[in-house]
Each structure stands twice: as C-alpha cells, then as structure tokens.
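As a plain string of letters, each chain reads:
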Amino acid sequence: MDLPDQLAEISALCLDAVQVSALGGEAKKMRAARLLRRRDIEYRRLRKNAASAWEYREWMGRAANIFAAALTLLGEVAAIQKEKDSPVYCGVAPFDGKKTLDEIALDAWAELPFLPEETPDLLDKVRFDLQKQAALLLAENKIKQVEVPELDENALFSGFRAAGVKENDWVMLHASLSSLGRVSGGAPTVIAALQQAVGEGGILAMPALSNTADSPGDFEFDPDTTPIVEWIGVMPRTFWKMPGVLRSANPTHSVLAWGRNAAHFIAQQDPYDCFAPDGPWAKLRDGNGKILLVGENAVDSNTFLHACEAWYTTYMESIVVRVKGVGKVAEIHYPGGCRGNWYHLGKEAKYFQKLVADGIVHTAKIGESAVMVFNAGELARAMQKYLAADPALLLHHDNCGNCAKLRSRIK
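Described below are features of the structure shown in this document. (Residues numbered from 1 in each chain as written. Predicted model: local features only at pLDDT ≥ 70, side-chain atom pairs only at ≥ 80, totals over all residues. Heavy atoms only, no water.)

## A word on the sheet that holds strand β7 (residues 290-294)
Spatially, seven strands are ordered β5-β6-β4-β3-β7-β11-β10 in an open sheet, and the strand pairing comes out mixed. The open sheet has two free edges, formed respectively by β5 (246-247) and β10 (362-366), since each of these has just one partner strand. Here β10 runs beside strand β11 (residues 369-375); their pairing, made up of five bridges, is antiparallel. Across the sheet, residue H362 finds its bridge partner in β11, namely V373. Contacting β7, β10 and β11, helix α6 (residues 153-163) crosses the sheet at an angle of about 165° to β10. Helix α7 (residues 187-198) rests against β3 (170-175), β4 (203-209), β6 (253-258) and β7 of the sheet, and its axis sits at about 135° to β4. (Pairing = 2+ DSSP bridges. Helix = DSSP H or I, 4+ residues; strand = E, 2+ residues; numbered from the N terminus. Contact = heavy atoms within 4.5 Å. Axes fitted to C-alpha atoms, helices over the stretch in contact; angles between N-to-C directions.)

Written out as structure tokens, the structure is:
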C-alpha cells in the first residue's frame, strides 16, 4: 500500500471510530483505547512503507493529526495495561516471537472494525480465541513458548556498565524501549539505570526534536511546553518530565540533559544554530562524550551524524522557525530533506561499514537489545575523514530530488 492510500484508510477508520455519540462514557473510553492501539499499528506500517525517514516523518505527522482529532472527539484516552506474566510465542504468524500473547490480542482487538456499538467484552473474546489457537499450535509443535526475563534497574545498570558507560561520562542516548524486551517499570526504569551509571557528575542527554518550522500546523517553540515529536519515541518524552532535566533553546533540535553540569552542557551562544560550535553536540565531541544506541533501529536515528554534516559539509539548510515571545527567526544548519545512504539502511550503510572497519563501533547486548557505543570524538574525526573524501557520502547519488538539491550545495 502506498502512503496516500494508507492515510486515506486512516482517515476512514477514524471517522468510523468517532461514530459513538449515543454510547456511554465507558464505551467511549474503550473505543478510545482501541483507536490508540490502532494508531501505534498504523505508525509501524508507515515506517515500513516509507522510502526514507524523512518521508516517514512527513506522513506520520499527517496521520498523527488525524488520530489526535479523533481521540479528542472521543473525549478520553484509556491506557491498556499489558499482562506482565504473558509468555512470548514464536514460529507462526501472528506469533512472531517479538510480542506477548496479550500484545498480540491487543493488536487483533485494535484492528477489528469500528462498529456503531462498542462491545464491552470484545477484548476478552479476542484473548480467549488466541489462547485456544496458541494451545492448539503448541500441542502440534508449530510454535514454542519462550519465557523472556524482565529487566529491572539493577540488571540494566549492570548492562550499561558492561557496555562501557562509566561514572561521570557524558552520554547521548538514542533508544528503542521495546528493543530491550520486558522492562519492569518501562522507560523511567531505563532512565534511572543510566542516571545511576553516569552519576550526578556525568551527563545523560537525549534529542528532543519538535515541529516548529514556519508552516501550517507547527508550533511556536517554548522549551517548557512545546511537544517532542512522537516518532522519536517514548524515552525522550518521559525523560523531559523527570526532575532535574533541562531542555536547550534550539527550536527544532533541542537537547534534554540531566546532571550537575546540565545547564553548561545545553548552553550555546547562538540558540538558532542546530549544531553550534559551542553547543551540546560539540561538547560531546570535544569532551570525548559517548553516543549510546539501544536497538538496531537506533542506527538510523543517530543525530550526531547531522552534527558532523554541519561541521564538515556545506549542504545544510536554513529555515524560518517560530519562537514564543520572539516571532519568526532564521535557524541555520537545519538537517532537512533525505539522507538516502543513511536513513533506513542501518548497518548496511556505507558510512557504517567504514566505521566498523576502522574499529569505531563498540557493541554489546542488554536484555533482548543490541547496543552500540561510540566515543563522540572518535566518531567525529572518522566522519570528518569520510566526508572529506566523499561529501555526499550520506546522500542518494542519483534519482532523488531532495538529495540532488543538497548535492548542489557541495563546494
């Protein structure tokens, strides 16, 4: 399915979902919960169907607006709690080894048609049917049951230590919470383990990107209130609201930081330079900070590579952004457009293969997740060398209008 067709399908299912004016409050809560789960499924499909991360972000933003409008009309979003002791199944779809039985049931429940009436026991019926199906497949040895241990703060702390995170380190985290498997307490537990690992003398930081360009539907930037984009994941959105966490003043590419020196870390003279020479990304580079990627998909989200583009190439863009209390401002070194030889290629990207060959990538495993650790100074020096040899290393080299526009700026 192409992206316009998927967006049309999302619009149709949201229209069906909000046809519940005659239902009582509990039925609306149930409908909202189902739609919220369906939203997560559609986001995953958008990621799969998009040709690039840039395209995914654009279309996810459109889908997010549609879902937000529908959920607002339903009046309340109910949270669905996962069963902590559900086993993981694998072998036959939908038992793919990546979800608990209850998660599979929730997805199946979310994808049922939105009828005029919401059946209160619908989820229980779906769970019962799946349990019967799973029992039959288990008896026929077509699937197997695997117990996945639950990670607590101590286990995560030990894992981060083993991966090379030390006390007083400055760490920039890109993480997929789901990649870790079962985590007791979710995102706050992972964050607490990393805070314990670096200590108050260190820095724990995360990107906090926001839609603040001067375009319809985007926000005025206010570091205290402007939402962090949904596609960046739950970790930064959780971190932002935790005690002691500060947010930098860049309108599109702000940074969150915790630690005794957090205010110094996020400070920069020009807040409208995404990757300023005195900003947090440069402080990571110059102070031998660490880039920590948790999950295979995090390879595609390493914002430090955009910083390297800003420092070592000439093709970064300028855009107009809106800032609360200031108005419209020009922001420089904005990483807009496509990165055809980076986004969605993961470890197969040419630049990544070079990093592996040069010994820049340090790997570990925590729970179910692959973990990669980079020394920011080493990574910056390596990318400077690669980009000097091929300034278009991260771009499509043909058949991409966005990358062609950026290539035209190479000097």
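## Focus: α7
In a regular helix each residue adds 1.5 Å, so 12 residues correspond to 16 Å; α7 covers 17 Å between its end C-alpha atoms and thus fits that length. Taken across its 12 residues, α7 has 10 buried, putting it largely inside the fold. Those residues of α7 that are buried are in contact with α6, β3, β4, α8 (234-240), β6 and β7. Phi turns positive one or two residues past the end of α7, at G199, with a value near 70°. (Expected span 1.5 Å × (residues − 1). Buried < 20%, exposed > 50% of the residue type's maximum accessible area, 1.4 Å probe, protein only.)

## A short note on the pattern of salt bridges
Pairs can form between side chains of opposite charge once their charged atoms are near each other. Enumeration according to the criterion identifies 16 salt bridges in this entry. The closest approach of N and O atoms between D286 and R285, which form a salt bridge, is 2.7 Å. Since its relative accessible area comes to 54%, D286 is described here as exposed. With a closest N to O distance of 3.3 Å, E317 and K405 form a salt bridge. One end of the pair, E317, is in strand β8 (residues 317-323); the other, K405, is in helix α14 (residues 401-407), with 88 residues separating them in the sequence. In this structure K405 comes out as partly exposed when scored by relative accessible area, which is 39%. (Salt bridge = Lys/Arg side-chain N within 4 Å of Asp/Glu carboxyl O.)

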